[in-house]
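Coordinate analysis (summary)
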Amino acid sequence: MAISTRRFGCAPDFHPLPTTATSFFRAAGKHRFNSLAPLRTAERVKSMKWAVRVAKQQLPPKSEVQRLVDFLYEDLPHLFDEQGIDPTVYDHRVKFRDPITKHDTISGYLFNIAMLKKLFTPHFQLHSVKQTGPYEITTRWTMVMKFVLLPWKPELVFTGTSVMGINPQNMKFCSHVDYWDSIKNNDYFSVEGLVDVAKQVRKYDPFIVVETSGDKLSGSTGFNSVAGYIFGKNSAAEKIPMTTPVFTQALNPEISKVSIQIVLPSDKDMGSLPAPNEAEISLRKVEEGIAAVSKFSGKPDEDIVRAKEKALRQNLVSDGLRAKKGCVLARYNDPGRTWSFTMRNEVLIWLKEFMLD
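Residues numbered from 1 in each chain as written. Predicted model: local features only at pLDDT ≥ 70, side-chain atom pairs only at ≥ 80, totals over all residues. Heavy atoms only, no water.

Some words on the overall build of the chain
Cut-off, in case you're wondering: Helix and strand definitions here come from DSSP, where helices need a minimum of 4 consecutive H or I residues and strands a minimum of 2 consecutive E residues; each element is numbered from the N-terminal end. With a 1.4 Å probe rolled over the protein chains alone, any residue whose accessible area is under 20% of its type maximum counts as buried; one over 50% counts as exposed, and the rest are partly exposed. Working rule for contacts: check all heavy atoms of both residues, and any pair within 4.5 Å makes them a contact. Working definition of accessibility: Shrake-Rupley area with a 1.4 Å probe, residue cover restricted to the visible protein chains.
From N to C terminus, the chain includes eight helices and 16 strands. Out of the 357 residues in the chain, the part that is buried amounts to 51%. For the chain, the share of sequence-separated contacts (at least 6 apart) that also reach a separation of at least 24 residues comes to 68%. When the accessible surface of the chain is split by element, carbon and sulfur atoms take 54% of a total near 17,400 Å².

Below, the structure is given as structure tokens:
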């Protein structure tokens, strides 16, 4: 469905231009990023909005568009650093859209960048910048946002394209539209976009766990023993800060052998940690890796966890990613807590041979 060009705020000859986005999982599984999928179907033309092109009017000099292409190669890598982007090449009423955010001014756009920088310390990697229409430039990128509120600081990985519309009257950017590779519906406040935030692929730095054997994936057997270690039941009687979530890891495909784990603070290393007092308690370093994650709420009983693990694994297979055996249940509440709809949980599956570039 077309939108009013007057509402969009660009020149009156502008019309919405759809763009296709490759599947994030398929692109990642092939260890590369495609620039733009070549096929533009009628269905995508109807469904995609907010990108801009000029129809039936004089084309801009190639040198002018190339100047902006070269500019973006230089400017966008500074999106989240101290230098920042140059706002003078954007219209004051530039339209920014992604699946969960929208701003209609350059000040709103800059505020959004500042907020992301403060909350997530994001890292932006620019892969390519190409002219894709008379007054349109498309960029391909990866953005990694570190979740600093958790002790091991997992990273959320987003890939996608940005379609930059150019106002022919002043050759400034009048629109910036982000398309996430991991979803099909990229309209503003897309339900799919919100789900994508809750169902993510993350990069984990190395971290250390204290662990012991458990009875089942959703059980609490062993939790008191590992909690006792951090509460001072160790060789140095040292109390160690408690972290969340509590992990329960299935060690085989049948999910019949599990360990329950507490992640230790990131400033600890194997050499400085006291030894456990109990023989069944051990310390282990988990190497860095990439995990696919599915969030859910409520009490994580065994059937629910198994269903979430199965659905997530099927999605990974359909998207061409190779998953490792077993899975991890992450619980952000005490494993012994009684039923509550507010309980927060995640199922994680570690991935094989996942590369960002």
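What about a nonpolar patch on the surface?
This is how it is decided: Surface patches are drawn from residues lacking salt bridges whose relative accessible area is over 30%; two like charges belong together within 9 Å, two nonpolar side chains (Val, Leu, Ile, Met, Phe, Trp, Tyr) within 5 Å. Salt bridges are defined as contacts in which a side-chain nitrogen from Lys or Arg sits within 4 Å of a carboxyl oxygen from Asp or Glu.
On the surface, Phe111, Met115 and Leu119 cluster together into a nonpolar patch covering about 310 Å² of accessible area. Checked against the element boundaries, Leu119 lands in helix H5 (residues 106-120).

Concerning the packing of aromatic side chains
Cut-off, in case you're wondering: Only centres within 6.5 Å qualify two rings of Phe, Tyr or Trp (six-membered ring in Trp) as a pair; their planes then separate them into stacked at under 30 degrees, edge-to-face at over 60, and tilted for everything else.
All told, the structure shown has seven aromatic pairs when counted by the stated rule. Consider the rings of Phe96 and Tyr109, whose centres lie 5.0 Å apart with planes at 20°: the pair is stacked. Of this pair, Phe96 sits in strand S3 (residues 90-98) while Tyr109 sits in helix H5, placing them 13 residues apart in sequence. Arranged with centres 6.1 Å apart and planes meeting at 55°, the rings of Phe207 and Phe247 form a pair that is tilted.

Some remarks on helix H4 (residues 62-75)
Stated precisely, the cut-off is as follows: Expected span, for any helix, means 1.5 Å times one less than how many residues it has. Directions from the helix axis toward the C-beta atoms define the arc.
Between the first and last C-alpha of H4 there are 20 Å, a value that for 14 residues agrees with the 20 Å anticipated at 1.5 Å per step. Within H4 the residues assigned to the buried category are Val65, Leu68, Val69, Phe71, Leu72 and Asp75. Each buried residue of H4 sits inside an arc of 160° when the element is viewed along its axis, so together they form one side. Summarising the geometry of H4, the exposed residues directed more than 90 degrees from the buried face are Lys62, Ser63 and Glu74.

Topic: the environment of Arg202
Note that Arg202 resides in strand S9 (residues 201-204). Taking the C-alpha atoms as reference points, Arg202 and Leu156, separated by 46 residues in sequence, lie 4.5 Å from one another.

As for the side chain of His176
Structurally, His176 is set in strand S8 (residues 172-180). Those residues within four positions of His176 in sequence are excluded, and the remaining contacts are Lys95, Phe96, Arg97, Tyr109, Ser162, Val163 and Met164.

Quick notes on the nonpolar core
The cut-off we apply is this: Nine residue types can take part in a nonpolar core, namely buried Ala, Val, Leu, Ile, Met, Phe, Trp, Tyr and Cys, and a core is a set of them joined through side-chain atoms within 4.5 Å.
Counting residues in hydrophobic clusters, the biggest one holds 32 residues, and the most contacted among them are Leu72, Tyr90, Tyr109, Phe124, Ile137 and Phe173. Those elements that provide at least two residues to this core are H4, S3, H5, strand S5 (123-133), strand S6 (136-146), strand S7 (155-167) and S8. If you tally residues by element for this core, the top one is H4, at five residues. Not counting residues within four places of it along the chain, the set of residues in contact with Leu72 comprises Pro77, Tyr90, Leu126, Val129, Ile137, Thr139, Met164 and Phe173.

Quick look at the pattern of salt bridges
By the definition in use, this model includes seven salt bridges. Between Lys95 and Asp104 there is a salt bridge; the shortest N-O distance is 3.9 Å. Lys95 gets classed as buried once you look at its relative accessible area, which sits at 6%. Judged by relative accessible area, Asp104 falls into the partly exposed class, the value being 27%. Across the pair Arg97 and Asp104 runs a salt bridge, and its minimum N-O distance is 2.9 Å. Through salt bridges that share partners, Lys95, Arg97 and Asp104 make up one connected network.

Notes on unusual backbone geometry
For the bond from Thr244 to Pro245, the omega torsion is 0°, close enough to zero to count as cis. The phi angle at Met171 is positive, at roughly 55°, despite the residue not being glycine. Among the structural elements, Met171 can be located in the loop between S7 and S8. The class for Met171 is buried, based on a relative accessible area of 13%. Although it is not a glycine, Ala237 sits at a positive phi angle of roughly 50°. For Ala237, the position within the fold is in the loop between helix H7 (223-230) and strand S11 (246-250). Exposure remark for Ala237: the relative accessible area of 55% places this residue in the exposed category.

A short note on the environment of Pro206
With respect to the element layout, Pro206 can be found in the loop between S9 and strand S10 (207-214). For Pro206, the residues in contact, after removing those within four places along its chain, are Lys285, Val286, Glu287 and Glu288.

A closer look at H7
Within H7, six of the eight residues are buried, leaving the element largely enclosed by the surrounding structure. The set of residues buried in H7 consists of Phe223, Val226, Ala227, Gly228, Tyr229 and Ile230. Residues of H7 that are buried in the fold lie against S10, S11, strand S12 (258-263) and strand S13 (282-286). Just downstream of H7, Gly232 is the residue with a positive phi angle, here 120°.

A closer look at the confidence of the model for the chain
What counts here: Confidence scores labelled pLDDT are given residue by residue by the predictor and lie between 0 and 100.
Summarising the model, the chain shows a mean pLDDT of 76, and 72% of its residues fall at 70 or more. When the criterion is pLDDT under 50, residues 1-56 qualifies, and its contacts beyond four places in sequence or with other chains add up to 133 contacts. For the stretch residues 188-198, pLDDT sits under 50, and the model shows 31 contacts to residues farther than four places along the chain or on other chains.

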